[in-house]
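Topology and contacts: notes
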Amino acid sequence: MNRIIHFEIPANEPKKVIEFYKNVFDDVDKVIIGPIYKARDVVDETISINDIAKISEHPNIETTNNIQNIKANNFDIIVIMGAGNSNLWAKQILQVLKN
């Protein structure tokens, strides 16, 4: 069975979609929530990545604003999804894992 890790970079309006994060990661082994992407909209600072982690109710979830802190070497499949510059995070995560 493949071990799956999911990286999520939420949009900057998480209050509108926070309920969608509840149990959404149930089928993966680990979840890492990255920084909230700040788009051109007004940044809503009433919701944090820790709030998203808490509402997801995933048993193996962490939050980070620093790619260097990511530990994902023991996973077979890495899924990176999110808003804005998540493609840049994907490239940087790959570099971190190679080192």
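That block above? That's the structure.
So, how was this worked out
Position numbers for residues count from 1 along each chain, tracking the sequence in the order it is written. It should be noted that, the model being predicted, local features are given only for residues of pLDDT at least 70 and side-chain atom pairs only at 80 or more, the latter also being counted only at that level, while totals for whole chains, interfaces and linings use all residues. Hydrogens and water molecules were not included; the side-chain quantities draw on all heavy atoms of the structure. In this scheme, strands are said to pair when DSSP sees at least two bridges between them. Under the scheme used here, helices are H or I runs from DSSP no shorter than 4 residues and strands are E runs no shorter than 2 residues, and both carry numbers assigned from the N terminus. Axes here refer to lines fitted to C-alpha atoms; in helices the fit is confined to the stretch in contact. Angles between the N-to-C directions go from 0 to 180 degrees. In this description, contact between two residues means that some pair of their heavy atoms is separated by no more than 4.5 Å. Burial classes follow relative accessibility: with a 1.4 Å probe on protein chains only, a residue under 20% of its type's maximum area counts as buried, one over 50% as exposed, and anything between as partly exposed.

Turning next to the sheet that holds strand β1 (residues 4–9). Strand order in the open sheet formed by four strands is β3-β2-β1-β4, with parallel pairing between adjacent strands. The two strands at the open ends of the sheet, each matched to only one other strand, are β3 (61–63) and β4 (77–82). On average, each strand axis in the sheet is tilted by 15 degrees relative to the strand beside it, whichever way the strands run. Sheet analysis places β1 next to strand β2 (residues 30–33), joined by four bridges and oriented parallel. Pairing of Glu 8 across the sheet is with Ile 33, part of β2. Contacts between helix α2 (residues 49–56) and the sheet are confined to β2 and β3, with β3 contributing the most and set at about 175 degrees to the helix. Where helix α3 (residues 86–98) meets the sheet, it contacts β1 and β4, and its direction lies at approximately 150 degrees from that of β4.

This next bit is on unusual backbone geometry. You will see that Asn 23, though not glycine, has its phi angle at about 60 degrees, which is positive. Tracing the sequence through the fold places Asn 23 in the loop between α1 (14–17) and β2. The backbone of Glu 57 shows a phi angle near 60 degrees, a positive value even though the residue is not glycine. Within the fold, Glu 57 resides in the loop between α2 and β3. The class of Glu 57 is partly exposed, set by a relative accessible area of 47%.

Geometry only, nothing functional implied.
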